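# Notes for the structure review
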Amino acid sequence: MNMDVIVSLCKRRGFVFQSSEIYGGIASCWDYGPLGVELKNNVKRAWWRDNVTLRADMVGLDAAILMHPAVWKASGHLDHFTDPMVDCRACRRRFRADQLDAQPWTHYCPATKGNKFTVAAGEACRHCGARRTLCPECGKGELTPPRQFNLMFKTFMGPVEEDAAVTYLRPETAQGIFVNFDNVLQSMRLKLPFGVAQIGKSFRNEITPGNFIFRTHEFEQMEIEFFVNPNDTIDGRPADEVWHERWIEERLAWYQRYGIRRENLRLREHEKGELAHYAKRTADIDYKFPIGWSELEGVANRTDFDLKQHSQASGKSLTYFDEERKTHVVPYVIEPSAGADRSVLAFLVDAYREEEVRGEKRVVLRFHPDLAPIKIAVLPLLKKRPEIVATAQDLRERLARRWTTVYDDTAAIGRLYRRQDEVGTPYCVTVDVQTVGDAEKGEAGDRKVTVRARDSMEQIRVPLEELVTVFGELFDGAVWSAVAARYPAVKG
Ligand SMILES: [Zn+2]
Ligand SMILES: [Zn+2]
């Protein structure tokens, strides 16, 4: 599938807009629209519920984005969170030194009177045999030697722009958890193993971001730091290694629980040379994005590196008292680190289907009901009948107390259904003439509405007063066919 299809659907239906679009946009920044914010909130809510609310061994945290600059010295980000960059002396563009030959390059060929060509990435000119040495963009400028460029966004705290006031936007949420380790441990009286979870924005000034919301300067992380006693063993094996495996399995299962197909997920083990200097083992959960297999989440065993670094730099003890062994230990930490924006993209891509229904193309987002931005759409069959409109609006109000519910009367019913399919609304409710009856003819309504399921497009007739119960069951996980069996079917 093509990423453009998703980007265009996202814009058309209010999921994601380019940031500052009326000014020509700003690179790699995106805004979540009315449906996008619901979807993203639902993803974060599902993550929080499953990893914090439902677990007895987890607590939450929301640390500040701005932290003491010493944090980034101790964590290694100030010295090592860098990319080697080169600048073009002519056009001033900046490139990652290790990616210069990953893009097509501009060439003024001496063998053809200086004609301008674009040569494929990493290839030589087929007229003169030359390889790229100059700036790949303008084809004229010499490049500076590589310099290390820090990926953290630098800013100033307070009114004076001087070195002493320099601070950074956090490049990861994890450090907020490490520096609060003792606060959390003491205030919550926790026993190892336990985890601290956090959802929040992080910032990385990467030079080559891109691919829609897959890689952006500003992004939201969903991170867990799960602390384990390194002296413990489980079935004769080091506890940190066992917990690492458990978290990999748990996180892999989580994406599938909310609808991602197993064949679009894979586990990728980091090679020894690729491991971060602090990591004992790291496994990525990759998703088959339209741009190819790419990281959705990393699950790392960060050992005791971070707590030791911060303890050393701050002079504060960050240990845990092991009652059984009567000794202080520095816990090991397992870190499942997921991207909220990447998850949103993966859920969108995986839900997207083009189907043929009676010779017509139907676009449908088969979102898990927990993730769907709109849960129910209430649609009046005739908007000229005041009783129908009033009943439908009243119904929307009642359902909206429990589920995100919209009312729409701006098109004919077939069109309205297709619109809701395209944004993944699991259920539509239609109020029609039969529901309200005809007072002039002295006909009473049956006070029943048509409920339509997105995936099967089946329709059933349900009494108004039973709707809340029916949706309660459906959104609680009941299967449609079991619920539908209790009500008469309606021919679509
Ligand atoms: Zn240049
Ligand atoms: Zn040439």
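Residues numbered from 1 in each chain as written. Chains lettered and ligands numbered in written order. Predicted model: local features only at pLDDT ≥ 70, side-chain atom pairs only at ≥ 80, totals over all residues.

Across its full length, the protein holds 14 helices and 30 strands. For the protein, the C-alpha atoms occupy an extent of roughly 85 × 80 × 50 Å along the three principal directions. For the protein, the proportion of its 492 residues judged to be buried stands at 34%. A separation threshold of at least 6 residues defines the contact pool for the protein, and within that pool the share at least 24 residues apart is 63%. (Helix = DSSP H or I, 4+ residues; strand = E, 2+ residues; numbered from the N terminus. Buried ≥ 20, exposed ≤ 12 C-beta atoms within 10 Å, placed from the backbone. Contact = placed C-beta atoms within 7 Å.)

Another aspect to go through is the sheet that holds strand S17 (residues 292-303). In spatial order, the strands read S3-S11-S12-S20-S17-S16-S15; together these seven strands make up an open sheet with mixed pairing. Each edge of the open sheet is held by one strand with a lone partner, namely strand S3 (58-60) and strand S15 (265-269). When the angles between neighbouring strand axes are averaged without regard to direction, this sheet yields 25°. Note that strand S16 (residues 281-289) and S17 share nine bridges and pair antiparallel. For Thr-282, the partnering residue across the bridge sits in S17 and is Ala-300. (Pairing = 2+ DSSP bridges. Axes fitted to C-alpha atoms, helices over the stretch in contact; angles between N-to-C directions.)

With that out of the way, let us pick up the packing of helix H2 (residues 34-53) against helix H9 (residues 340-351). It is at 10 Å that the axes of H2 and H9 come closest, and there the two elements cross at 110°. On the basis of their axis angle, the class for H2 and H9 is roughly perpendicular. Contact with H2, carried on its side by Leu-39, Lys-40, Val-43 and Lys-44, involves Ala-340, Ser-343, Val-344 and Phe-347 of H9 and no other residues of that element. The residue inventory of the contact of H2 with H9, partitioned by class, reads five nonpolar, one polar and two charged. (Parallel < 35°, antiparallel > 145°, perpendicular 65-115°, else oblique. Nonpolar A, V, L, I, M, F, W, Y, C, P; charged D, E, K, R; others polar.)

Here the focus is the sheet that holds strand S4 (residues 82-87). On the basis of which strands lie adjacent, the open sheet formed by three strands has the order S5-S4-S8 and antiparallel pairing. The open sheet terminates on both sides in strands that have one partner only, identified here as strand S5 (94-96) and strand S8 (147-150). Adjacent strand axes in the sheet meet at a mean angle of 50° when their direction is disregarded. Where S4 and S8 come together, four bridges link them in antiparallel fashion. By the bridge assignment for S8, Pro-84 is matched with Gln-148.

In this section: the domain arrangement of the protein. Under the domain assignment, the protein is made up of domain 1 (33-81 + 154-348), domain 2 (83-150) and domain 3 (374-490). Taking the mean C-alpha position of each, domain 1 and domain 3 sit 42 Å from one another. (Domains from an automatic or database assignment.)

Positionally, Gly-14 belongs in the loop between helix H1 (3-12) and strand S1 (16-18). When the C-alpha atoms of Gly-14 and Ala-346 are compared, they prove to be 17 Å apart, with 332 residues separating the residues in sequence. Beyond its immediate stretch of four places on either side in the chain, Gly-14 contacts Gly-33, Pro-34, Leu-35 and Gly-36.

All right, on to helix H11 (residues 413-422) then. Looking at H11, one finds that the buried residues are Tyr-417, Gln-420 and Asp-421. Buried positions in H11, seen along its axis, are confined to an arc of 105° and lie on one side of it. Where the residues of H11 are buried, they touch strand S22 (360-365), strand S23 (376-380), strand S25 (427-431) and strand S28 (448-453). Immediately downstream of H11, the backbone of Gly-424 shows phi near 80°, a positive value. (Arc of directions from axis to C-beta.)

So, on to unusual backbone geometry. When glycine is set aside, most residues are seen to have a negative phi, and most peptide bonds are trans. That bond from Leu-192 to Pro-193 is cis: its omega, -5°, falls within 30 degrees of zero. At Arg-92, a residue that is not glycine, the phi angle is positive and equals roughly 70°. Position of Arg-92 among the secondary structure elements: in the loop between S4 and S5.

In this structure, Glu-218 sits in strand S12 (residues 218-228). You can call Glu-218 partly exposed: it has 15 C-beta atoms within 10 Å. Once residues within four sequence positions are removed from consideration, Glu-218 is found in contact with Cys-29, Lys-201 and Phe-203.

With that settled, the discussion passes to the nonpolar core. Counting residues in hydrophobic clusters, the biggest one holds 92 residues, and the most contacted among them are Phe-226, Val-344, Leu-345, Phe-347, Val-378 and Val-429. The biggest single contributor to this core is H9, with six residues. Each of domain 1 (33-81 + 154-348) and domain 3 (374-490) contributes no fewer than three residues to this core. Ignoring anything within four residues of it in the chain, the contact list for Phe-226 reads Pro-193, Gly-195, Trp-243, Trp-247, Val-333 and Ile-334. Counting five residues, the second-largest nonpolar core is a separate cluster that includes Val-86, Phe-95, Cys-135 and Leu-143. (Core = buried A, V, L, I, M, F, W, Y, C linked by C-beta atoms within 7 Å.)

Here the focus is the pairing of S12. Regular strands place their side chains on alternate faces of the sheet. The element S12 is largely enclosed, with a buried count of nine among its 11 residues. Here S12 pairs with strand S20 (residues 332-339) via six bridges, running antiparallel. In the strand pairing of S20, Val-228 is matched with Tyr-332.

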